[in-house]
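Chains, contacts and geometry: an overview
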Amino acid sequence: MSVQITSSIVAPIFAIAGPEFGLSTVEIAQVFSVYYLPNVGSSLAAGVLASLFGRRRVLLVGCTVLSAGCIALGLVPGACASAGTPDTGTGDVLLVERHTASAASTSCMYSLFVGSRVLQGIGVALSQTCLFAMLADMWPEDTGKVMGAAELAGGLAYALGPPTGGFLFQSGGFVMPFVIQGCLPLFFVLVLQLALSKLNSVTDVSVELEQQELVARERTADGDDTRNIKAAEGNMSASLSRRTSSETKNRDDGVPATGQQSDDEAAGLVSSDAADSD
């Protein structure tokens, strides 16, 4: 949400502060819309960069660029104070004052506003693309549900941006909304890093347990095979022993072996047939 809120929080602020800074309606619209041009171009490059350098690194770079753009946007009036923005003597030149800015001050602020919004667009593109890719990697079986939840959070951010920006602007002037907004991506990265570290540790433990279980199963299977082989060898030995004992007993009792008995019976039949023929 801290990523998507960037594009909508400026709407009420510039609608009020833009004319006070001497910006025309066209210039205010350009400051608002210039965000989307680098956003589109950087989204295409974000996937390539994530594949080359890793999603976490590109996400960190994107959030850093986004934070820099947000904070820079809030500090623009103070940076252009020497170019003609009047100081009321209170030392707080960052609050919107009822004055007519000079042409030099207006030109300075317009240029810096545009540059800050470009940084915001690049940062959002890098971070959002990598964030969606990481969500798809972490939940490959529920990608549809995860992406739906992420889009829902983005929609809520777009809706909450204007009232949040208006409230912060009314409470603390022009600087407060953008400074708070600039701190949110860095806080998000910190929380994400901690969550991923814990997730990786849990995953490593699970993988280690699975490997141990697999090794135990292999050992059990090898033990079962060994016991089966020994049992089969024992059965064969017992069968041979019983057969040998039986043959030995038959010889002692004068009973011919099975093969010998069959030969004697065959010889007797031949002799009987010869006698009948005579």
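Note that this is a predicted model, so its numbers are computed, not measured.

Attention now goes to the overall build of the protein. Counting its regular elements, the protein contains eight helices and zero strands. In sequence order, the secondary structure elements of the protein are arranged as α-α-α-α-α-α-α-α. Residues classed as buried in the protein amount to 29% of the 278 residues present. Considering only contacts in the protein between residues 6 or more positions apart, those separated by 24 or more positions represent 82%. Of the roughly 16,400 Å² that the protein leaves accessible, carbon and sulfur atoms contribute 63%.

Here we take up the pattern of salt bridges. Side chains that differ in charge, positive against negative, can pair when their charged atoms come close. Inspection of every chain in the model, using the stated rule, returns one salt bridge. Here Asp137 ties to Arg55 by a salt bridge, and the two come within 3.0 Å at their closest N and O atoms. Here the residue Asp137 occupies a position in helix α5 (residues 103-138), and Arg55 occupies one in helix α4 (residues 55-79), the gap between them amounting to 82 residues. Relative accessible area serves as the criterion here: at 34%, Arg55 is assigned to the partly exposed category.

In total, this model carries one disulfide according to the counting rule given. Between the sulfur atoms of Cys80 and its disulfide partner Cys108 the distance amounts to 2.2 Å. When the S-S torsion is -75 degrees, as for the bridge of Cys80 with Cys108, the disulfide is left-handed. One end of the pair, Cys80, is in the loop between α4 and α5; the other, Cys108, is in helix α5, and 28 residues separate them in sequence. Residue classification places Cys108 among the partly exposed residues on the basis of a relative accessible area of 24%. Left without a disulfide partner, Cys130 is nearest to the cysteine sulfur of Cys63, which lies 9.0 Å away. Free cysteine Cys183: the closest other cysteine sulfur is in Cys70, separated by 9.5 Å.

A word on the nonpolar core. Among the nonpolar cores identified, the biggest contains 19 residues, and Phe14, Phe21, Phe113, Phe174 and Phe178 are the most heavily contacted of them. Secondary structure elements with two or more residues in this core: α1 (10-20), α2 (25-33), α4 and α5. For this core, the leading source of residues is α1, giving four residues. Counting eleven residues, the second-largest nonpolar core is a separate cluster that includes Cys63, Cys130, Met134 and Leu192.

As a further point, take the environment of Val146. Structurally, the position occupied by Val146 is in helix α6 (residues 143-172). Taking the C-alpha atoms as reference points, Val146 and Leu135, separated by eleven residues in sequence, lie 6.9 Å from one another. Excluding its chain neighbours within four sequence positions, the residues that come into contact with Val146 are Leu135 and Trp139.

Right, let's get into the side chain of Ser127. Tracing the backbone through its elements, the reader meets Ser127 in helix α5. Of the polar contacts made by the side chain of Ser127, one reaches the backbone oxygen of Val124; its length is 3.3 Å.

For the protein, mean pLDDT is 75; residues scoring 70 or higher make up 64% of the total. Long-range and interchain partners of residues 269-278, a stretch whose pLDDT sits below 50, account for zero contacts in this model, where long-range means more than four residues apart.

For the rest of this paragraph, the subject is a nonpolar patch on the surface. A surface patch of nonpolar side chains, about 390 Å² in accessible area, is lined by Val48, Leu49, Leu52 and Phe53. Within the element layout of this structure, Leu52 appears in helix α3 (residues 36-53). For Leu52, a relative accessible area of 61% puts it in the exposed group.

Calculation rules
Residues numbered from 1 in each chain as written. Predicted model: local features only at pLDDT ≥ 70, side-chain atom pairs only at ≥ 80, totals over all residues. Heavy atoms only, no water. Helix = DSSP H or I, 4+ residues; strand = E, 2+ residues; numbered from the N terminus. Buried < 20%, exposed > 50% of the residue type's maximum accessible area, 1.4 Å probe, protein only. Contact = heavy atoms within 4.5 Å. Areas by Shrake-Rupley, 256 points an atom, 1.4 Å probe, with all protein chains shown as cover. Salt bridge = Lys/Arg side-chain N within 4 Å of Asp/Glu carboxyl O. Disulfide = S-S within 2.5 Å. Core = buried A, V, L, I, M, F, W, Y, C linked by side-chain atoms within 4.5 Å. Polar contact = N/O pair within 3.5 Å; in protein donor to acceptor, adjacent residues only side chain to side chain. pLDDT = per-residue confidence, 0-100. Patch = residues over 30% accessible without salt bridge, like charges linked within 9 Å, V, L, I, M, F, W, Y side chains within 5 Å.

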